[in-house]
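The residues making up each chain are set out below.
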2 protein chains.
Amino acid sequence: MTIEHTDFPEPAKVTTVACIGIGTIGAGWAAYFLAKGYRVRAWDPSPEAEPRLRRLIAAAWPALSSLGLAPGASQQNITVHTDLAEAVDGVGFVQESAPEVLDLKRSLLAEIDAVTAPDVVIASSTSGYSMTEMATQAATPERLVVGHPFNPPYLIPLVEVVGGESTSTAAVKWTSAWYEHIGKSVITMDREVPGFIANRLQEALWREALHMIDQGEATVEQLDRAITDGPGLRWPIQGPMLTFHLAGGEGGMAHMLDHFGPSLKSPWTRLDAPELTDELRAAVVEGCDDEANGRTVGELIAERDAAIIAIRKVIGELKAGPR
Amino acid sequence: MTIEHTDFPEPAKVTTVACIGIGTIGAGWAAYFLAKGYRVRAWDPSPEAEPRLRRLIAAAWPALSSLGLAPGASQQNITVHTDLAEAVDGVGFVQESAPEVLDLKRSLLAEIDAVTAPDVVIASSTSGYSMTEMATQAATPERLVVGHPFNPPYLIPLVEVVGGESTSTAAVKWTSAWYEHIGKSVITMDREVPGFIANRLQEALWREALHMIDQGEATVEQLDRAITDGPGLRWPIQGPMLTFHLAGGEGGMAHMLDHFGPSLKSPWTRLDAPELTDELRAAVVEGCDDEANGRTVGELIAERDAAIIAIRKVIGELKAGPR
């Protein structure tokens, strides 16, 4: 089988997608695709999967409706299959969300690859394996791509896209274009890094938290509140880099690094920081300037403050319960 | 001078507070105290500080009004002084927010201590020094406490409270009670840890981000979007521990640790995780159960989803601009 990678269909022409494996993540993807108006063909080896899937979709539907359904979107546009070839028949995209067991991923991706039409990309929801590790048994690894979502996939926009050593550039590009077409916030990585990007950041925080519990320095409740009532209120609007851009005052990130750079040597976490070379300094400062895109620190502060107020208000209302 | 620590006034009886140092953090505190209806006496050695302070308070006032002003709250209830003894005269609480320079903090805290009435707690906004380090020159270090806010102090509820080796337990208790009285979310630490709690978590994430830029694995923009469009949308409602409690499905944190525990050995960050001993596992699982406080994983998922939707909606509206 030869795949002409320029032959992938236009993302806009896809009407049906396959969700292979329908646990929490796979079922979340199914709900999202349905809400975007697609027909979904689901596959799972467990007979208990279907009722669970339908419950999860029904539970997610009010949320999806409130964010806006595509024309024709319906919870009914899904069929559940136990035969893999039947599940991928005629689909324009395959999302694999099997359990995180490397051998299982390897054999399942090879099986999906064997029965899926050659001009269709197969993406894996894996949170931990590289496609290079997972694609070893597949006949056409060129169209196998990681498309890593965040839980719940029907509400969190982020998807990390990265190919393996054998993945074609065209397949990676198509996958990013496809996820963008369906409304996702896509980060396309140009090389495989264990944990991708967001999980590395999240994991660094989690590991430091575990160290603090281990040493009796903080409780679970304190660790959570330190985030929910602290920096967590800023992070939906400005990530860690822009946050520190603002910490530098009018001088922005450049001032921040020059002034607080020495604190990278402080024992403020168990993780040692990299050496703050001129190159690293320049990359961080220029990256923040690019992201600010002409907005002054004052304007960014105003945006941040408006977001924190709005977030605190809606969370306060939710906690107070229905009136 | 002898301080009877049981003689601190009731937090509810405080009517006037001093803000020593009125840069970004000190001015933010002043705005918060004013909004809560207090009279504020500010001190700063720089003649440019006062106009800047008044501009910051005016800029913060609409936000503070929208969150709700205390009866009698007014931007006018502030006086600015260049004499320290005058600034602390008659106040019920002192918040020091001088620049993060250890020698300066040491001498300034000693000076404040020398001129402040004995039954008044003096708190430092320091983000990086321990009170044990800072209180070395003070005559009565028993009433010197760290009260570490987050920027901007008038919007972020979190304050971390911790005493130094010479701080009395009564002073720490009073400080926590005071901040709670004025509506802050208080974390009281029972020992000094460099970076306290939230900054350690934030710093772990920041250091891993710097490593990724240093290695060319991610751009500044990707790092920020990985948070704002990913886990950052969950963190204002559920911190890192409860987030992973939900990642464990119906089995919660116990299942999560048993199933994903081995991933702590994966090279997902440059930070090594602690050994997952039975004791650590028990502390994490019990902490999550305490925090869930009877809410099932399903109920926590419903709370999380409602919050993500609300947060995405308000941020979407803010980004779309005024209609």
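Residues numbered from 1 in each chain as written. Chains lettered and ligands numbered in written order. Predicted model: local features only at pLDDT ≥ 70, side-chain atom pairs only at ≥ 80, totals over all residues. Heavy atoms only, no water.

The name given to chain A in an unreviewed UniProt entry is 3-hydroxyacyl-CoA dehydrogenase NAD-binding domain-containing protein, with the source organism recorded as Saxibacter everestensis. Of chain A, the UniProt comment under Pathway (unreviewed entry) reads exactly: "Lipid metabolism; butanoate metabolism." Here chain A is described in UniProt, under the heading Sequence similarities (unreviewed entry), as follows: "Belongs to the 3-hydroxyacyl-CoA dehydrogenase family." (UniProt positions renumbered as here; feature names shortened; annotations may be inferred.)

The transformation that overlays chain A on chain B combines an axial shift of 0.0 Å with a rotation of 180 degrees, and the residual RMSD is 0.0 Å. Classification of the inter-copy transformation places it as that of a two-fold axis. Judged by C-alpha distance, Leu271 of chain A is the residue of chain A that lies nearest the rotation axis, at 2.4 Å. Most of the interface of chain A is mirrored in chain B, where 100% of its interface residues are also at the interface. (Least-squares fit on C-alpha atoms with pLDDT ≥ 70 in both. Contact = heavy atoms within 4.5 Å.)

Our next topic: the sheet that holds strand β2 (residues 39-43) of chain B. Pairing is mixed in the open sheet, where 8 strands are placed in the order β3-β2-β1-β4-β5-β6-β7-β8 (chain B). Two strands lie at the open edges of the sheet, namely β3 (78-81) and β8 (185-188) of chain B, each paired on one side alone. Each neighbouring strand pair of the sheet contributes to a mean axis angle of 25 degrees, computed without reference to strand direction. The sheet contact formed by β2 of chain B and β3 of chain B spans 4 bridges and is parallel. Bridge pairing links Val40 of chain B to Ile78 of chain B in β3 of chain B. Strands β7 (158-163) and β8 of chain B of the sheet are contacted by helix α8 (residues 220-228) of chain A, whose axis makes an angle of about 140 degrees with β8 of chain B. Contacts between helix α6 (residues 169-181) of chain B and the sheet are confined to β1 (16-20), β4 (93-96), β5 (121-124), β6 (144-149), β7 and β8 of chain B, with β7 of chain B contributing the most and set at about 170 degrees to the helix. (Pairing = 2+ DSSP bridges. Helix = DSSP H or I, 4+ residues; strand = E, 2+ residues; numbered from the N terminus. Axes fitted to C-alpha atoms, helices over the stretch in contact; angles between N-to-C directions.)

All right, on to the interface of chain A and chain B then. Interface size is commonly expressed as the accessible area that is lost once the parts come together. At the junction of the two partners, chain A supplies 104 residues and chain B supplies 104 residues. Note on chain A versus chain B: buried area summed over both sides is about 10,000 Å², and carbon and sulfur give 68% of it. Area buried by chain A at its contact with chain B is led by Trp206, Arg207 and Trp268 of chain A, which between them contribute 9% of it. Between Glu208 of chain B and Arg200 of chain A there is a salt bridge whose closest N-O contact spans 2.9 Å. For the pair chain A and chain B, the interface holds 43 residue pairs in polar contact (both at pLDDT 80 or more). Listing elements by their share of the side of chain A that touches chain B, those giving two or more residues are α2 (49-67), β8 (185-188), α7 (198-214), α8, α9 (240-247), α10 (252-260), α11 (278-292) and α12 (297-320) of chain A. Per-class residue counts for the side of chain A that touches chain B are 61 nonpolar, 23 polar and 20 charged. (Buried area = accessible area lost by both parts, 1.4 Å probe. Salt bridge = Lys/Arg side-chain N within 4 Å of Asp/Glu carboxyl O. Polar contact = N/O pair within 3.5 Å; in protein donor to acceptor, adjacent residues only side chain to side chain. Nonpolar A, V, L, I, M, F, W, Y, C, P; charged D, E, K, R; others polar.)

Describing two packed helices takes the angle between their axes plus the distance from one axis to the other. For the pair α7 of chain A and helix α11 (residues 278-292) of chain B, interaxial distance at closest approach is 10 Å and the crossing angle is 105 degrees. One finds that α7 of chain A runs roughly perpendicular with respect to α11 of chain B. Residues Leu210, Ile213 and Asp214 of chain A of α7 of chain A pack against Leu280, Ala283 and Val284 of chain B of α11 of chain B. Residues of the contact of α7 of chain A with α11 of chain B, tallied by class, amount to 5 nonpolar, no polar and 1 charged. (Parallel < 35°, antiparallel > 145°, perpendicular 65-115°, else oblique.)

Time to look at the sheet that holds β8 of chain A. The strands that make up a sheet are held in pairs by hydrogen bonds between backbone atoms, and each pair lies either parallel or antiparallel. Residues and elements named next belong to chain A. Pairing in this open sheet of 8 strands is mixed, and the strands run β3-β2-β1-β4-β5-β6-β7-β8 from one edge to the other. The sheet is open, and its two borders are formed by β3 (78-81) and β8, each paired with just one other strand. Taking the axes of each pair of neighbouring strands and ignoring which way they run, one obtains an average angle of 25 degrees across the sheet. Bridging between strand β1 (residues 16-20) and strand β4 (residues 93-96) involves 4 bridges; their strand directions are parallel. Residue pairing in the sheet places Ala18 in a bridge with Val94 of β4. This element, α2, spans β2 (39-43) and β3 of the sheet and lies at about 155 degrees to β3. Where helix α4 (residues 102-115) meets the sheet, its contacts fall on β1, β2, β4, β5 (121-124) and β6 (144-149), and the angle it forms with β4 comes to roughly 165 degrees.

The next point concerns the side chain of Lys105 of chain A. Positionally, Lys105 of chain A belongs in helix α4. Among all residues touching Lys105 of chain A, those that are not within four sequence positions of it are Glu96, Ser97, Ala98, Pro99, Glu100, Ser124, Thr126 and Met134 of chain A.

Glancing now at the packing of α12 of chain A against helix α2 (residues 49-67) of chain B. Across the interface, α12 of chain A lies against α2 of chain B with an axial gap of 11 Å and an inter-helix angle of 5 degrees. By the angle between their directions, the pair α12 of chain A and α2 of chain B is classed as roughly parallel. Side by side, α12 of chain A and α2 of chain B meet where Ile309, Arg312 and Lys313 of chain A of the first sit next to Ala63, Ser66 and Leu67 of chain B of the second. Split by residue class, the contact of α12 of chain A with α2 of chain B holds 3 nonpolar, 1 polar and 2 charged.

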